[in-house]
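Residues per chain, in single letters:
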Amino acid sequence: MGSSVDTPTAKSFRQFSPDQDFTDGALASGRAVIRQEASALFELADELNADFDAAVRLLLATERRVVVTGMGKSGHIGRKIAATLAATGTPSFFVHPAEAAHGDLGMLTPGDCLLVLSNSGSTPEIRSIVMHARSLHVPIVSIASRSGSPLARQSDVFLCLPQAEEACPVRIAPTTSTTMMLALGDALAIAAMRIRGI
């Protein structure tokens, strides 16, 4: 028979009744985060330049697939971008850079395009797949926040994120930067879709 005994977590949750100060603080925090990230998106839109156009042209010229890669939170965003590209007419899939370094580099082949996401542009785990792409003459489009980074130097087209402050107050979790990455991926996918006439 199942037990009806409440766990401490469930019981304490039901007994918890936030006062108005707590509610006001939560709402203020939530609104501040959304406004901060929205501001960064407007800055990103204003800073788009000929590099964005070049990236879209590379995507459209790709004979096979757009292979997306990234580590950590950038990788989570990369999975979503790959799915969006595939859904909007650009064949695409995600490859985890650590898995690629341990036997999956063969998933990247001539005729592909590599899209790399890394906030710092110096993530060590992406080095193997970037070097493999260079050896195959596979074009590399990258998204990062540091124009002088190793990734930027290895890329055919580099899309630089604005230097916007993360919404996380202690900078444990990437927040603003990943929001900008996701929006930029959507922008690439939809621009390519519209040019194809889909």
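Residues numbered from 1 in each chain as written. Predicted model: local features only at pLDDT ≥ 70, side-chain atom pairs only at ≥ 80, totals over all residues. Heavy atoms only, no water.

Caption draft 1: A look at unusual backbone geometry. Positive phi values are uncommon outside glycine, yet His-137 reaches one of about 60°. Looking at the element boundaries, His-137 is found in the loop between α6 (127-135) and β4 (140-144). Classification of His-137 as exposed rests on a relative accessible area of 72%. (Helix = DSSP H or I, 4+ residues; strand = E, 2+ residues; numbered from the N terminus. Buried < 20%, exposed > 50% of the residue type's maximum accessible area, 1.4 Å probe, protein only.)

Caption draft 2: Broad picture of helix α8 (residues 176-196). Compared with an ideal rise of 1.5 Å per residue, which puts 21 residues at 30 Å, α8 spans 30 Å between its outermost C-alpha atoms and is within 8% of the ideal. When we look at burial in α8, the residues that qualify are Thr-176, Ser-177, Thr-178, Met-180, Met-181, Leu-184, Gly-185, Leu-188, Ala-189, Ala-191 and Ala-192. Count one or two residues on from α8 and you reach Gly-197, which has phi positive near 80°. (Expected span 1.5 Å × (residues − 1).)

Caption draft 3: Just the packing of helix α3 (residues 50-61) against α8, in detail. Closest axis-to-axis distance for the α3/α8 pair is 10 Å, and the angle between their directions is 60°. Judged by the angle between their axes, α3 and α8 are oblique. For the pair α3 and α8, the sense of crossing is right-handed. Contacts from Phe-52, Ala-55, Val-56, Leu-59 and Leu-60 in α3 reach Leu-184, Ala-187, Leu-188, Ala-191, Ala-192, Ile-195 and Arg-196 in α8. Counted by class, the contact of α3 with α8 contains 11 nonpolar, no polar and one charged residues. (Axes fitted to C-alpha atoms, helices over the stretch in contact; angles between N-to-C directions. Parallel < 35°, antiparallel > 145°, perpendicular 65-115°, else oblique. Left-handed = near helix turned anticlockwise from the far one by under 90°. Contact = heavy atoms within 4.5 Å. Nonpolar A, V, L, I, M, F, W, Y, C, P; charged D, E, K, R; others polar.)

Caption draft 4: Structural view of the sheet that holds strand β2 (residues 92-94). With parallel pairing, five strands are arranged side by side in an open sheet as β2-β1-β3-β4-β5. Two strands lie at the open edges of the sheet, namely β2 and β5 (157-160), each paired on one side alone. The mean angle between the axes of side-by-side strands here comes to 20°, regardless of whether they run parallel or antiparallel. Relative to β4, strand β3 (residues 113-117) runs parallel, the two sharing four bridges. Of the residues in β4, the one forming a bridge with Leu-117 is Ile-143. Contacts from α6 reach β1 (66-70), β3 and β4 within the one sheet, and its direction differs from that of β3 by about 155°. (Pairing = 2+ DSSP bridges.)

Caption draft 5: Just the pairing of β1, in detail. Burial of β1 is extensive: five of the five residues sit out of reach of the surface. Burial along β1 is two-sided: Val-66, Val-68 and Gly-70 facing one way and Val-67 and Thr-69 facing the other are all buried. In this structure, β1 lies alongside β2, joined through three bridges in parallel fashion. Within β2, the residue paired with Val-66 across the bridge is Ser-92. Regarding the hand of the β-α-β motif, the stretch spanning β1, helix α4 (residues 73-87) and β2 is right-handed. Where β1 meets β3, five bridges bridge the pair, whose relative direction is parallel. Looking at the pairing, Val-67 lines up with Leu-114 of β3. (Right-handed = clockwise from strand over helix to strand, strands pointing away.)

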